[in-house]
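As a plain string of letters, each chain reads:
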Amino acid sequence: MMAELPVAVIGAGPVGLAAAAHLVQRGIRPLILERGESVGAALLEWGHVRVFSPWEYNIDAAARTLLERSGWKAPDEQGLPTGGEIVSDYLAPLSALPAIAANLKLGVEVTAITRHGHNKVANEGRKNAPFVIRCRDADGEHRVLARAVIDASGTWSRPNPIGVDGLPVPGEGEASGRIAYGIPDVVGKAREDYAGKRILVIGGGHSAINVALALMELQDAVSGTEIFWALRHGSVDRLLGGGLNDQLPERGALGLAAKQAMADGRLNMLAPFAVNRIAPQGEGLTVDASLAGKPFNLAVDRIVVTTGFRPDLSFLGEIRIALDPVVEAPPALAPLIDPNFHSCGTVPAHGIVELAHPEPGFTIVGSKSYGRAPTFLMATGYEQVRSVVADIAGDHVAAHEVRLVLPETGVCSADRVTGSDDAGCCGGPAPADANACCVEDADAKAKGAAGCGCGAGTQTRRAVATSVDA
């Protein structure tokens, strides 16, 4: 009976649909449950944003094979798509393939997962009991059975709040009508909310750079648009990209453009900045904060929060999962991605070994597998599901192989790492001719060591864009 059941895939984003493609390729029926009304619903939230990596890194191998059999023509491999183009030119055609379309359920929210006839504590017969997925759609609540579950639901629905302590600051909830999380389309759909206004952008990653530069475009068109950019930690240097050393040109150019804007005085930089309270003031907001440890007050019209995301674990209470207490990633994966120790986007390729949980047949993949770490890469997610599906199919040799090799980049993650040099990741970007991820890595290798420890050692990696929050 178990072998006849489908494998449930939660989420129809790039990684979820890649999992479905690998299942179809191996003759296993997927059941794809997506809470949005479209595939790639989270990507459409930032559909106006262009990613840093070209198409060649944004298409899963199994998905490509299935699509090409249907006559689909891939976009220019060196082109840089927007989030919306990833959906329209790749995910939508993939989801329309008969083997996937017949098993895709949109507008379905998963509310709980358990084992048939077993609560979390029950042991006897647990491993052989199918999973029960409780879900809700327009017609009410339903329960479906599955032989395995792949949770690719992402983190987009749970943005981090403003507080540096991980909590919303007083007044944040009440001011929600004037606060946007993520990357609002400030020059498009949301233009009227931002044109000619005083805007506070909070965050220290490439999402924040995207928002700041888009606001500058609006500033060119509408006088009176003022931009305040607040970093909760450290200095601005590490978020600006590797410049000419960055082998992802779009990302390097983004950092250089932001740096020039700061030099020109078009961005009012605030760092380090901690918000204490937000209160309404007329049609705007008053932000009570501290700047470099001193009291600071700022009146703004709107706030954009780009402080990353965290996983939704609310529907996993009745199954056995193991998560690192800091990162909220699987314990074997967490040391590879912990932002307290790793600053470069050089996480080694990994699969079922690092993703396994105490509940056999259940895995978390994609950005959610990284918990609170901000370094997830789309191509890494594709390698995850290749390995996970191979394991489900009983092909344990393939499941344990490493098939992901990406070119190196000089760019590191955005926030300052404890003990790191303010000039950049482990001393800043490596020299252009060095096979290293940063200055200290290059120095260590020149002295015969394996490296500084923040990179991937002998493997080369490229930080391929995914959720634009790297």
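What counts and how
- The residue numbers shown here count from 1 along each chain, following its written sequence.
- With the structure being a predicted model, the display of local features is reserved for residues of pLDDT at least 70 and the display and counting of side-chain atom pairs for 80 or more, all residues being used for whole-chain, interface and lining totals.
- Based on all heavy atoms of the structure, the side-chain values leave hydrogens and waters out of the count.
- Helix numbers and strand numbers start at the N terminus; a helix is a DSSP run of H or I with at least 4 residues, a strand a run of E with at least 2.
- By the convention used here, residues are in contact when the closest approach between their heavy atoms is within 4.5 Å.
- Accessible surface is estimated by sampling points in the Shrake-Rupley manner with a 1.4 Å probe; for residues, cover comes only from the protein chains shown.
- By definition, two strands form a pair when at least two bridges between them are found by DSSP.
- For helices, the fitted line uses only the C-alpha atoms of the stretch in contact; every axis is such a line through C-alpha atoms, and the angle between N-to-C directions lies from 0 to 180 degrees.
- Under the scheme applied here, a residue whose accessible area is under 20% of the maximum for its type counts as buried, over 50% as exposed, and between as partly exposed, the area being computed with a 1.4 Å probe on protein chains only.
- Handedness of a crossover is defined as follows: with both strands directed away from the viewer, a clockwise route from the first strand across the helix to the second makes it right-handed.
- Helix crossings fall into two classes, left-handed where the near helix is turned counterclockwise from the far one by less than a right angle and right-handed where it is turned clockwise.
- Charged means Asp, Glu, Lys or Arg here, nonpolar means Ala, Val, Leu, Ile, Met, Phe, Trp, Tyr, Cys or Pro, and polar covers whatever is left, Gly included.
- Two rings belonging to Phe, Tyr or Trp (six-membered ring only in the last case) form a pair when the distance between their centres is within 6.5 Å. Interplanar angles under 30 degrees mark stacking, angles over 60 mark edge-to-face geometry, and anything in between is tilted.
- Here, a salt bridge means any side-chain nitrogen of Lys or Arg that lies within 4 Å of a carboxyl oxygen of Asp or Glu.
- Working definition: roughly parallel below 35 degrees, roughly antiparallel above 145 degrees, roughly perpendicular at 65 to 115 degrees, and oblique for all remaining angles.
- Under the convention used throughout, the expected extent of a helix is 1.5 Å for every residue step, that is, one less than its residue count.
- At every residue, the bend is computed as the angle between two fitted axes, covering the seven residues ending there and the seven beginning there respectively.

A. Structural context of the overall build of the chain. Of regular secondary structure, the chain possesses 13 helices and 16 strands. Taking the intrachain contacts of the chain between residues at least 6 apart in sequence as the baseline, contacts between residues at least 24 apart amount to 70%. With an accessible surface of roughly 19,300 Å², the chain has 51% of that area assigned to carbon and sulfur atoms.

B. Layout of the sheet that holds strand S4 (residues 109-115). Taken in spatial order, the 3 strands make up an open sheet running S4-S5-S6, and their pairing is antiparallel. At either end of the open sheet lies a strand with only one pairing partner, and these are S4 and strand S6 (140-146). Neighbour-to-neighbour, the strand axes of the sheet open up by a mean angle of 25°, direction not taken into account. Pairing between S4 and strand S5 (residues 131-137): 6 bridges, direction antiparallel. Paired with Glu109 across the two strands is Arg136, which belongs to S5.

C. Geometry of the pairing of strand S1 (residues 7-10). Of the two faces of S1, the one carrying Val7 and Val9 and the one carrying Ala8 and Ile10 are both buried. Sheet analysis places S1 next to strand S7 (residues 148-151), joined by 4 bridges and oriented parallel. Residue pairing for S7: Val7 is matched across the bridge by Ala148. Both S1 and strand S2 (residues 30-34) contribute to a ladder of 4 bridges, which runs parallel. The partner of Ala8 across the bridge, within S2, is Leu31. Regarding the hand of the β-α-β motif, the stretch spanning S1, helix H1 (residues 14-25) and S2 is right-handed.

D. Layout of the packing of H1 against helix H11 (residues 378-392). Contact pair H1 / H11: the axes reach a minimum separation of 9 Å and the direction vectors enclose 35°. Read as a crossing pair, H1 and H11 show a hand that is right-handed. Listed contacts from H11 to Pro14, Val15, Ala18, Ala19, His22 and Leu23 of H1 are Met378, Gly381, Tyr382, Val385, Arg386 and Val389. Of the residues belonging to the contact of H1 with H11, the class tally is 9 nonpolar, 2 polar and 1 charged.

E. Up close: the sheet that holds strand S3 (residues 104-106). An order of S3-S2-S1-S7-S16 is seen for the 5 strands of this open sheet, with the pairing classed as parallel. The outermost strands of the open sheet, each flanked by one partner alone, are S3 and strand S16 (362-364). Each adjacent strand pair in this sheet contributes to an overall mean axis angle of 15°, direction not counted. One ladder, built from 3 bridges, connects S7 with S16; its direction is parallel.

F. Summary view of the packing of aromatic side chains. This model, assessed by the stated rule, comprises 3 aromatic pairs. Between the aromatic rings of Trp156 and Phe309, the centroid separation amounts to 4.7 Å while the plane-to-plane angle is 25°, which identifies the pairing as stacked. With Trp156 in the loop between S7 and strand S8 (179-181) and Phe309 in the loop between strand S15 (302-305) and helix H9 (334-337), this residue pair connects regions lying 153 residues apart in the sequence. Centroid distance Tyr370 to Phe376: 5.3 Å. Interplanar angle 80°. Geometry classified as edge-to-face. Given a relative accessible area of 0%, Tyr370 falls into the buried group.

G. Local environment of the pattern of salt bridges. Counting across every chain of the model gives 16 salt bridges. Through salt bridges with shared partners, a single ionic network connects Arg35, Glu109 and Arg136.

H. Region of the structure containing the packing of H1 against helix H3 (residues 61-69). At a minimum axis distance of 8 Å, the contact between H1 and H3 shows a crossing angle of 65°. Judged on the interaxial angle alone, H3 and H1 are roughly perpendicular. Between H1 and H3 lies a crossing whose hand is left-handed. Contacts between H1 and H3 involve Ala21, His22, Val24 and Gln25 from the first element and Ala62, Ala63, Thr65 and Leu66 from the second.

I. Summary view of unusual backbone geometry. In this structure, the amide linkage connecting Ala271 to the following residue, Pro272, adopts the cis form with an omega of -15°. Looking at the element boundaries, Pro272 is found in the loop between strand S11 (268-270) and strand S12 (273-281). Look at Glu328: it is not a glycine, yet its phi comes out positive at around 65°.

J. How the structure looks around the environment of Pro54. One can find Pro54 in the loop between helix H2 (41-45) and H3. Separated by 21 residues in the primary sequence, Pro54 and Pro75 place their C-alpha atoms 9.8 Å from one another.

K. Inspection of the side chain of Asp185 at higher detail. Its place among the elements puts Asp185 in the loop between S8 and helix H6 (191-194). Not counting chain neighbours up to four residues away, the residues in contact with Asp185 comprise His48, Ala190 and Arg191.

L. Representation of helix H4 (residues 83-96) in the model. With 14 residues, H4 should reach 20 Å at 1.5 Å per residue; the first-to-last C-alpha distance of 18 Å fits that figure. The largest bend in H4 amounts to roughly 30° and is located at Tyr90, with the proline Pro93 lying one to four residues further along. For H4, the set of buried residues is Gly83, Gly84, Ile86, Val87, Tyr90, Leu91, Leu94 and Ser95. Those residues of H4 hidden inside the fold are in contact with H1, H2, H3, helix H5 (98-101), S3 and H11.

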